[in-house]
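# Observations on chain architecture
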Amino acid sequence: MKKHAIIPIFIPHRGCPNDCVFCNQKKITAHQQPVTGEDVINTIETWLSTLEPRGTETIEVAFFGGSFTGIPMEEQSAYLTIAKGYKDAGRIHKIHMSTRPDYINEEILDNLKKYGADTIELGVQSFDDEVLRLSGRGHDSACVYESSRLIQSYGFELGIQLMIGLPADTLEKDLYSARETVKINPSIARLYPTVVIRDTALYDQYLNGQYQPLDQETAVFRTKEMYKLLTAAGINIIRVGLKSSDILSGEGQTAAGTFHPAFRQLVEGDIAREQIETQLERLLAYPAAEYQKPQPRTSQKEPRQIPFDRRIKADFYANRRCISNLIGNGGRNKKFFLEKYPQLHILYKVNDFLSDYQYEVKIKGES
Ligand code: SF4
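Bear in mind the structure is a predicted one, so any value in this text is a computation, not a measurement.

The next thing to look at is the pairing of strand S3 (residues 94-99). For S3, the tally of buried residues reaches five of six residues, placing the bulk of the element in the interior. As paired elements, strand S2 (residues 58-64) and S3 share four bridges and run parallel to each other. Considered in S3, the bridge of phenylalanine 63 is made with methionine 97. Examined bridge by bridge, S3 and strand S4 (residues 119-125) share four bridges and lie parallel to one another.

Here it is as C-alpha cells:
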C-alpha cells in the first residue's frame, strides 16, 4: 500500500511578468486555455479512482506551475474552494502549492489559511544574489528569508526548491544555498540541476557561449553534496532532478545540461558508493586474521597491502528498496568496484534488517 500520494494540478502562470532565464512557460502558456474548475475536478477524480481503492493514507492535492499565489486572488480562491471541498469530505488530506518568494504576503497567507492549505513550496533556486540576478529571478535572497519566516509563522509546512548550475553558480554557492536552507529549516526540499530548454534566454546564452551547462558528473557531485547536508538536517528531499513531464514542451525540448530520467538514483547511488567504500577501505586496511595474514606496514600512515594472489569475498548489503542504489544506475557502482578492487569477489545482497539508505560491507577469505 502506498502511504502518500500527490495529485499534481498544473496551473500555468499566464501573463507572468518575470523573466527567469531557464523558463519557457511564458511562450507556451500564451497559447494555452486556462485550467477550469471542471479540469481540476476531473484530475482529482481520475487520481482518486486509483488511490482510494488502494487505501492511500495521505493524499495531497498540489497546485504546481511555479507561482500559484501570483495568479489573481479570486482565481486562487476558486481553485482552493474545490480542493477544500475534497479535504472537508475527507477524500484528500492536504492542500499544497508552489510559488515564488516574492508572491508571499499576509493577505495571501490569510487567504490560503482560510481554505485549509497546508504546504507552501518556494522556488528559491539559490541564496546567492548574483546567481539570482543573472538568472533573471527578479528577487533577492533577503526576500527568501522574509517569506520563509512569514510562512512558518503562519504554521504552514515550508518547502524550498533549489537549482544547481545556474549562471555564475559554483560548488561553494550551491553548498552555501544548502546550508542556508538548513538554517531556515523547511520540512521538504527539491533539488533541480539546471536543464537548458529550447526557447529560453538560457538557451540563447548557451548557443552564443555565454552560458556553459554543468556536465553530468559535476551536477551529480554538487547535488550529492547538497543532498547530504539537507538530509543530515532531517529535511525530506521529495524530488531530485526534473521529470520529463516537468519540461513543459515535452520531448525533444532539452537542449543541453543535466537532464537524466533517473537523476535521483545517480545521486543516491553515489552516496551508497561513498558509504560502501569508506567501510571497505577500513576493513581492507585492518583485515581480519581469518582471511589474511598480517602484512607488515611500510609506514604508520600506509594501510597494510592486500596480496593480489588472494581473492577476498566482499558482500555488499542494502535493503530491497535501496539495492538499486547500491548497484548504481546502469550498474555504475558495480563497474567502479570491479575496476578499483580487482582483488575482490563482490556480491550484492539484500538485507531487509537494514534501514533505508543504510549500506553494509562484510568481507572474508575465499577458499
Ligand atoms: S519560472 Fe519565472 S518566468 Fe517562469 S513562470 Fe515562474 S516566475 Fe514566471
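Picking up where we left off.
Looking now at unusual backbone geometry. One can expect most non-glycine residues to show negative phi and most peptide bonds to be in trans. Non-glycine residue aspartate 199 carries a positive phi angle of around 65°. For aspartate 199, the position within the fold is in the loop between strand S7 (195-197) and helix H8 (201-207). Despite not being glycine, tyrosine 357 has its phi angle at roughly 65°, a positive value. Within the secondary structure, tyrosine 357 sits in the loop between strand S11 (344-350) and strand S12 (360-365).

Looking now at the nonpolar core. Counting residues in each nonpolar core, the largest one holds 65 residues, and the members touching the most others are Ile9, Val61, Phe63, Ala117, Ile120, Leu162 and Leu191. Contacts of alanine 117, omitting those with residues within four sequence positions, involve Leu80, Ile95, Met97, Leu112 and Phe156.

Turning next to the environment of leucine 171. For leucine 171, the location among the structural elements is in helix H7 (residues 171-184). Between the alpha carbons of leucine 171 and methionine 226 there is a distance of 9.4 Å; along the sequence they are 55 residues apart.

Sheet architecture is open: seven strands sit in the order S1-S2-S3-S4-S5-S6-S8, paired in parallel fashion. Both edges of this open sheet fall to strand S1 (4-10) and strand S8 (236-240), since each of them pairs with a single strand only. Strand-to-strand, the axes of this sheet are offset by a mean angle of 20°, without reference to chain direction. The sheet contacts of helix H2 (residues 37-51) involve S1 and S2, and relative to S1 the element is tilted by about 160°.

Reading the values: rules and limits
- Residues numbered from 1 in each chain as written.
- Predicted model: local features only at pLDDT ≥ 70, side-chain atom pairs only at ≥ 80, totals over all residues.
- Buried ≥ 20, exposed ≤ 12 C-beta atoms within 10 Å, placed from the backbone.
- Helix = DSSP H or I, 4+ residues; strand = E, 2+ residues; numbered from the N terminus.
- Pairing = 2+ DSSP bridges.
- Core = buried A, V, L, I, M, F, W, Y, C linked by C-beta atoms within 7 Å.
- Contact = placed C-beta atoms within 7 Å.
- Axes fitted to C-alpha atoms, helices over the stretch in contact; angles between N-to-C directions.

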